[in-house]
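Results of the structural survey
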Amino acid sequence: MGTEGVQDLARIRKTLKELLVKDLSLEDITPEEIKDDEVLFGEGLGLDSLDAVEIVVILQRNFGLDVKDMENRKDIFYSIDSLARYVFESRKDSVSDG
Amino acid sequence: MNIISAGMVFTRGSGIGSFENALHEGWRIPGEVEYSKSNKSFAYQFDQTTIRDKAVLKKMRRADKLSKMAVAAASEALGNSGIDDIRGKNIGIITATALGAQVTTFSFLDDIIEYGESSVSPTTFSNSVHNAAASYISMVLGIRGPVMTVTRFFFSFQSALQLAQSWLNESRCEFILVGAVEQYGDVLAYIQDTKLNASPDGRILPFNLNPAYQVPGEGSVFFLVSNKDTDTALCNIEDVYLDTYEKESEKPDVNIIDTDGLLKDESVYAESLSPDIPTAAYSPVFGSMMSGSAFNCLAGALMLRNRMLYASPVQDNPHGLNIVDRTVSRDIELIRCIRYNCYENKAVICLRKKQ
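Residues numbered from 1 in each chain as written. Chains lettered and ligands numbered in written order. Predicted model: local features only at pLDDT ≥ 70, side-chain atom pairs only at ≥ 80, totals over all residues.

1. Some thoughts on the overall build of chain A
The test is simple: Labels follow the DSSP assignment, with helices taken as runs of H or I lasting at least four residues and strands as runs of E lasting at least two, numbered in each case from the N terminus.
The secondary structure content of chain A amounts to three helices and zero strands. The order of helices and strands in chain A, counted from the N terminus, is α-α-α. Dimensions of chain A, computed from the C-alpha atoms along their principal axes, are close to 40 × 30 × 20 Å.

2. What about helix α6 (residues 132-141) of chain B?
Residue and element names in this part refer to chain B. Quick note on the threshold: The burial criterion counts other C-beta atoms lying within 10 Å of a residue's C-beta, which is placed from the backbone; the residue is buried at 20 or more, exposed at 12 or fewer, and partly exposed between these limits. Residues are scored as being in contact if the C-beta atoms we place from backbone atoms lie within 7 Å.
With eight of 10 residues buried, α6 lies mostly within the body of the structure. Regarding α6, the residues found buried are A132, A133, A134, Y136, I137, S138, V140 and L141. Contacts from the buried residues of α6 go to α2 (54-58), α3 (65-79), β5 (91-97), α5 (122-128), β6 (147-151) and β7 (175-182). Taken from the residues just after α6, G142 is the one with a positive phi, measuring 70 degrees.

3. Details of the nonpolar core
Operational definition: We call a set of buried Ala, Val, Leu, Ile, Met, Phe, Trp, Tyr and Cys residues a nonpolar core when their C-beta atoms link them within 7 Å.
Within the largest apolar cluster, 113 residues are counted, with the highest numbers of intra-cluster contacts made by A6, I137, I176 and L177 of chain B. Broken down by element, this core gets its largest block of residues, nine residues, from α3 of chain B. When near neighbours in sequence (up to four residues on either side) are disregarded, I176 of chain B contacts I91, G92, I94, A164, W167, L168 and V225 of chain B. Counting 18 residues, the second largest nonpolar core, distinct from the first, contains L40, V56, L59 and L83 of chain A.

4. Brief notes about the confidence of the model for chain A
The condition is simple: Values of pLDDT, the confidence the predictor places in each residue, fall between 0 and 100.
The pLDDT averaged across chain A works out to 88; a share of 95% of its residues lies at or above 70. Confidence scores differ between elements of chain A, with helix α3 (residues 80-97) of chain A showing the lowest mean pLDDT of 84 and helix α1 (residues 3-23) of chain A the highest of 93.

5. As for unusual backbone geometry
All names here are of chain B. The omega angle of the peptide bond from N210 to P211 is -5 degrees, so this bond is cis rather than trans. Checked against the element boundaries, P211 lands in the loop between α8 (186-195) and β8 (219-226). Of note in the backbone geometry, S171 takes a positive phi value of approximately 55 degrees without being a glycine. Look at S171 and you get exposed, because 9 C-beta atoms sit within 10 Å. In this structure, R307 takes a positive phi of about 50 degrees despite not being glycine.

6. Structural notes on the pairing of β5 of chain B
Residues and elements named next belong to chain B. Using the following cut-off: Two strands qualify as a pair provided that DSSP identifies no fewer than 2 bridges between them.
Judged by how many residues are buried, β5 sits mostly within the fold: seven of seven residues are covered. Burial along β5 is two-sided: I91, I93, T95 and T97 and G92, I94 and A96, pointing in opposite directions, are all buried. Bridging between β5 and β7 involves six bridges; their strand directions are parallel. Across the sheet, the residue bridging to A96 is A180, located in β7. When β5 meets β6, the two strands line up parallel, connected through five bridges.

7. A closer look at helix α2 (residues 49-63) of chain A
Rule in force here: Here, expected helix span is obtained from the residue count minus one, scaled by 1.5 Å.
The end-to-end C-alpha distance of α2 of chain A, which contains 15 residues, comes to 21 Å, matching closely the 21 Å that a straight helix rising 1.5 Å per residue would cover. Inspection of α2 of chain A places D51, E54, I55, V56, V57, I58 and L59 of chain A among the buried residues, and these make up the whole buried set. Buried residues belonging to α2 of chain A abut α1 of chain A together with α5 of chain B. Positive backbone phi, at 65 degrees, marks G64 of chain A, one or two positions downstream of α2 of chain A.

Here's what the structure looks like:
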């Protein structure tokens, strides 16, 4: 991945953190306090299944991505890093497809 | 049934103490809200940061403002009851509202237009249903009794009180949290300003009667009611008359009228007033709300408990009514809280001093 890709990925991570705090109404935490590799569900950030559906909505609204098979794509929802990589790769695919 | 305790949130803060202070202090100019690019109006809005119980807020991060207001008021009512442990007690919840989660409902509809059906937030949808606020009260406070939301334009609170009385009488519940909640929104402001008389200076003139001026309000009041009595109970709700003829009874010490400009012409209230009975109206303290009767009912309950007659906050009196114009200590026995709807049907809540 080139410098441009690294910067793009960092931007996506930052945007995702801001969207999660705002759209999931996360209290007592700022976007900056969320670590890139922090587990989102259960022990880590403490999100639950309804938050997962909200994240799907966030991806649709803000990145135009449609996560069709949530059950088999749990890996995407592991951390901010995994979400950002999914967004980054999906964008890259759509650009190369186009 | 007795009012064991109460809780509330409104434009001047959270808690019964804030309301008592407001009744002492009188009218204050409401804030101005820009509800569209070219329109501004006065509104009595609630500041959510005044909710003191952070533990309660933590349990409802997904809730909308309507539910947060209802839970804060209900939580205070339960907290003031002196009941330390609610386990084993059969407590019901009845929430009265005229317009319910209208703000969240419009937000949900806006999202459908903007993002399409497949990209609307499930949380917004769940908050938009009418029983959401009552359900949040049940979840946050750990109450496992029956839960219901009563929606009706002008008499939702009175209907909820009647339902509460029937649940208590048939021993369905030992205690009931019964209250009202309304939320301010841009659509509501637009409709009220278009269809009714917007107050030019932010004052509701409750004794003007015609024309009547409104200023939208928001907030929540909850009462814990029971057929039991406690040392700290506020008062007794002796009767609730709704769309029926009021039983001839002894003269009340005070009439509280729910005039708040939500009828364009409120002259019908004059039929229920008598020159020898002082009349009070407190809508200028909390704003115009279709379930505002709950707020006036709380004012009445506090008057009976505190043995205090609170001055009407705005006293313009062009018809020379006998109004409560000063705050004075007074041993009050009976209060009638009167509301009319747009069909000129009357609802009356009779509050009596605790024996």
